[in-house]
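Observations on the model geometry
Spelled out, the chains give:
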Amino acid sequence: MNIIGIAIGATGLLLLSMFMWMLALSLRKKRLEQERRERSIVQRKAIEKHRKQEQQERIAKAENGDLPTILYLAKEAERARLKEALHWYTKAAELDSVTGMYGIVRLSNKMKQDVVLKEKAQFWQVCIAAADGSLPHKYEMAMALFNGHGTDINVAKAIDIMQSAAEQNYVDALIFLGDWWISPNNPQKNPTKSSECFRDAAELKSNQGRMKLGLNYIKGWGVPQDFERGCYWIERAAEKGHLEAMYIAGEIWMEHRPNGNSIAYIWLFLAAELGHGSARNLRDQVAMHIGVDTVVGLQSLAKPIVKKVRERKISRHSIIKALNRLYKRNIPTDENSRIASPNADQLSDELTMTDPATVIEALLTEDTDLPASETSSDRLDFTQSPIDKH
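Remember, predicted model here, so these are calculated numbers, not experimental data.

With that settled, consider the overall build of the chain. For the chain, the count of helices and strands is 18 helices and zero strands. Out of the 390 residues in the chain, the part that is buried amounts to 42%. Taking the intrachain contacts of the chain between residues at least 6 apart in sequence as the baseline, contacts between residues at least 24 apart amount to 53%.

A few words on the layout of surface pockets. Within this model, the largest pocket holds a volume of roughly 220 Å³. Lining of the largest pocket is provided by Thr90, Glu94, Lys120, Trp124, Leu145, Gly150, Thr151, Asp152, Asn154 and Lys157. Elements with a contribution of two residues or more to the lining of the largest pocket: helix 3 (82–94) and helix 5 (115–131). Here the lining of the largest pocket is built from residues that sort into two nonpolar, four polar and four charged.

Below, the discussion takes up a nonpolar patch on the surface. Residues Leu13, Leu16, Phe19, Met20, Leu23 and Leu27 make up a contiguous nonpolar surface patch of roughly 600 Å² in combined accessible area. Relative to the helices and strands, leucine 23 is located in helix 1 (residues 2–63). Taking the relative accessible area as the measure of exposure, leucine 23 reaches 37% and is therefore partly exposed.

What follows covers the nonpolar core. In terms of nonpolar packing, the biggest core is built from 95 residues, with Met141, Leu177, Ile234, Trp253, Tyr265, Trp267 and Leu270 touching the most fellow members. For this core, the element with the highest residue contribution is helix 13 (residues 260–273), accounting for 10 residues. Not counting chain neighbours up to four residues away, the residues in contact with isoleucine 234 comprise Arg210, Met211, Gly214, Leu215, Ile218, Ala245, Ile248, Ala249 and Ile252.

Let us now look at the packing of helix 13 against helix 15 (residues 292–310). For the pair helix 13 and helix 15, the least separation of the axes is 9 Å and the interaxial angle reads 45°. On the basis of their axis angle, the class for helix 13 and helix 15 is oblique. Of the two possible hands of crossing, helix 13 and helix 15 adopt the one that is right-handed. Every residue of helix 15 that contacts helix 13 at Ser262, Tyr265, Ile266, Phe269, Leu270 and Glu273 is listed here: Thr294, Val295, Leu298, Gln299, Ala302, Lys303, Ile305, Val306 and Arg310.

This part is about the confidence of the model for the chain. Residue-level pLDDT values for the chain average 85, and 86% of them are 70 or greater. When the criterion is pLDDT under 50, residues 341–354 qualifies, and its contacts beyond four places in sequence or with other chains add up to 18 contacts. This stretch, residues 367–390, has a pLDDT under 50; its non-local contacts, to residues over four places away or in other chains, come to 52 contacts.

Further remarks concern the packing of helix 4 (residues 98–110) against helix 5. For the pair helix 4 and helix 5, interaxial distance at closest approach is 9 Å and the crossing angle is 145°. Both helix 4 and helix 5 take part in a crossing whose hand is left-handed. Where helix 4 abuts helix 5, its residues Val98, Met101, Tyr102, Ile104, Val105, Leu107 and Ser108 lie against Leu117, Lys118, Ala121, Trp124, Gln125, Cys127, Ile128 and Ala131. Residues of the contact of helix 4 with helix 5, tallied by class, amount to 12 nonpolar, two polar and one charged.

So, on to helix 12 (residues 243–253). Residues lying three or four places apart along an α-helix face the same way, a consequence of the helix completing one turn every 3.6 residues. Summarising burial for helix 12: eight of the 11 residues are buried, a large majority. Looking only at helix 12, the buried set comprises Ala245, Met246, Tyr247, Ile248, Ala249, Gly250, Ile252 and Trp253. Along its buried surface, helix 12 packs onto helix 10 (207–219), helix 11 (227–238), helix 13, helix 14 (279–287) and helix 15. Looking one or two places after helix 12, you find glutamate 255, whose phi comes out positive at around 65°.

Take the side chain of serine 183 next. Position of serine 183 relative to the elements: it lies in the loop between helix 8 (171–180) and helix 9 (191–203). With a relative accessible area of 13%, serine 183 lands in the buried category. A distance of 3.1 Å separates a polar atom in the side chain of serine 183 from the backbone nitrogen of asparagine 185.

This part is about the environment of cysteine 197. As for its placement among the helices and strands, cysteine 197 is situated in helix 9. Owing to a relative accessible area of 11%, cysteine 197 belongs among the buried residues under this scheme. C-alpha separation for the pair cysteine 197 and phenylalanine 176, spaced 21 residues apart in sequence, amounts to 8.7 Å.

A negative phi holds for most residues other than glycine; trans holds for most peptide bonds. The amide bond that connects arginine 257 to the next residue, proline 258, takes the cis arrangement and shows omega of -5°. Structurally, proline 258 can be placed in the loop between helix 12 and helix 13.

Before going further, it helps to spend a moment on the pattern of salt bridges. Evaluation of the coordinates by the stated rule reveals 17 salt bridges. For arginine 58, the salt bridge identified is with glutamate 54, shortest N-O distance 3.7 Å. With arginine 58 and glutamate 54 both in helix 1 and four residues apart, this pair spans about one turn of that helix. We note a salt bridge from glutamate 76 to arginine 79, for which the minimum N-O separation is 3.5 Å. The partly exposed category is assigned to glutamate 76, whose relative accessible area is 29%. Exposure remark for arginine 79: the relative accessible area of 69% places this residue in the exposed category.

What follows covers the packing of aromatic side chains. Counting across every chain of the model gives seven aromatic pairs. Ring geometry for phenylalanine 146 against tryptophan 180: centres 5.3 Å apart, planes inclined by 90°, an arrangement best described as edge-to-face. With phenylalanine 146 in helix 6 (residues 135–147) and tryptophan 180 in helix 8, the pair connects residues that are 34 residues apart, well separated along the chain. Taken together, the ring pairs in this structure connect Phe146, Phe176 and Trp180 into an aromatic cluster. If you follow lysine 193 out to its NZ or CZ, it ends over the ring of tryptophan 181, 4.6 Å from the centre. In this structure, arginine 229 is placed above the aromatic ring of tyrosine 232, and the distance from its NZ or CZ to the ring centre is 5.3 Å.

Criteria and cut-off values
Residues numbered from 1 in each chain as written. Predicted model: local features only at pLDDT ≥ 70, side-chain atom pairs only at ≥ 80, totals over all residues. Heavy atoms only, no water. Helix = DSSP H or I, 4+ residues; strand = E, 2+ residues; numbered from the N terminus. Buried < 20%, exposed > 50% of the residue type's maximum accessible area, 1.4 Å probe, protein only. Contact = heavy atoms within 4.5 Å. 1 Å grid on protein atoms, 1.4 Å probe; cavity = no way out; pocket = protein on both sides within 12 Å on 5 of 7 lines; lining within 4 Å. Points joined across faces, edges and corners; volume = space filled by probe spheres on them. Nonpolar A, V, L, I, M, F, W, Y, C, P; charged D, E, K, R; others polar. Patch = residues over 30% accessible without salt bridge, like charges linked within 9 Å, V, L, I, M, F, W, Y side chains within 5 Å. Areas by Shrake-Rupley, 256 points an atom, 1.4 Å probe, with all protein chains shown as cover. Salt bridge = Lys/Arg side-chain N within 4 Å of Asp/Glu carboxyl O. Core = buried A, V, L, I, M, F, W, Y, C linked by side-chain atoms within 4.5 Å. Axes fitted to C-alpha atoms, helices over the stretch in contact; angles between N-to-C directions. Parallel < 35°, antiparallel > 145°, perpendicular 65-115°, else oblique. Left-handed = near helix turned anticlockwise from the far one by under 90°. pLDDT = per-residue confidence, 0-100. Polar contact = N/O pair within 3.5 Å; in protein donor to acceptor, adjacent residues only side chain to side chain. Phe/Tyr/Trp six-rings, centres within 6.5 Å; stacked < 30°, edge-to-face > 60°. Lys NZ or Arg CZ within 6 Å of the ring centre and 35° of its normal.

Structure follows, in structure tokens:
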């Protein structure tokens with residue numbers, strides 16, 4: 001009995017010891033797990049804190065213009081935060097990053113309902129083409145920056161881009177800059193630069209450049225004031241079919257002694273016949289000062305010129321030379337000379353013995369030698385009539 005009792009007691013004690021041991025193991029395991037969880041929480045908080053700090057540092061770096069960081073943030077945000085991605089891609093694009101520009105275009109395709117974004121994307125597509133060296137797109141980009149189309153207005157950057165295109169002889173950029181340097185909206189006007197731009201455009205055979213250079217000469221903007229030289233450039237554009245130049249040629253010759261109204265009528269008649277909207281009214285105003293007979297004669301002179309202009313068969317300086325001979329003008333017939341011809345007196349003498357219509361026909365067909373003289377009784381008088389007080 002004692003042995004059985006002892007055995008039972010020993011077994012119980014052993015079981016109790018095992019229970020206590022297992023309990024201790026369980027408690028230790030729970031404590032270790034708790035400690036592990038606490039360490040994990042601390043680590044996560046530390047990692048999260050480090051991540052936030054790193055993100056803040058990245059953002060600060062990006063806001064200061066670090067392009068690789070900007071593109072990293074944009075790419076990360078593009079996965080789920082499109083507006084944030086758009087912010088960073090826009091910032092990259094503004095730093096002339098083509099990757100940023102492409103990013104904006106890509107997001108525009110994802111956010112199709114955003115009309116403003118679509119307009120911005122169109123602007124950046126132009127910028128991509130400009131970055132590839134397209135001069136028309138450089139000009140378009142500069143105009144968008146100048147006017148705020150699809151982007152914020154940035155006049156300084158627009159002018160820089162326009163000058164870049166102008167340096168590569170892009171005519172539209174030269175014309176724009178020529179206008180800009182004499183614009184009342186430009187706080188740093190420079191008429192000399194204006195005339196330089198217009199001259200460069202004129203040398204590239206731009207009729208608008210010729211016309212505007214002529215106006216600068218007429219007004220003395222950036223060049224010495226010179227009516228004859230101004231008329232040369234304006235009429236040079238006009239004889240090439242530039243309607244606005246024809247109209248302006250008519251304006252500047254009005255009331256100019258002695259034969260300005262007749263010359264003005266011819267240019268305004270050409271402009272009106274070829275489709276200039278305002279030329280007809282001004283032509284009719286000039287006609288009131290020169291009389292019906294003179295108007296009829298001037299029309300007979302102008303009609304063959306209209307035909308030649310329409311057919312693009314006007315030779316260089318032919319109309320200028322014709323008007324010089326008919327009206328004893330000294331308008332240059334060379335881009336560098338200051339008088340019409342060293343033989344101006346001889347031409348004036350020929351004028352008195354030559355039918356004006358014959359002069360016109362000869363010069364329009366590139367025949368600079370006048371035909372044999374004709375009797376003065378056959379000649380029409382196309383100078384201004386006595387009723388012209390000027």
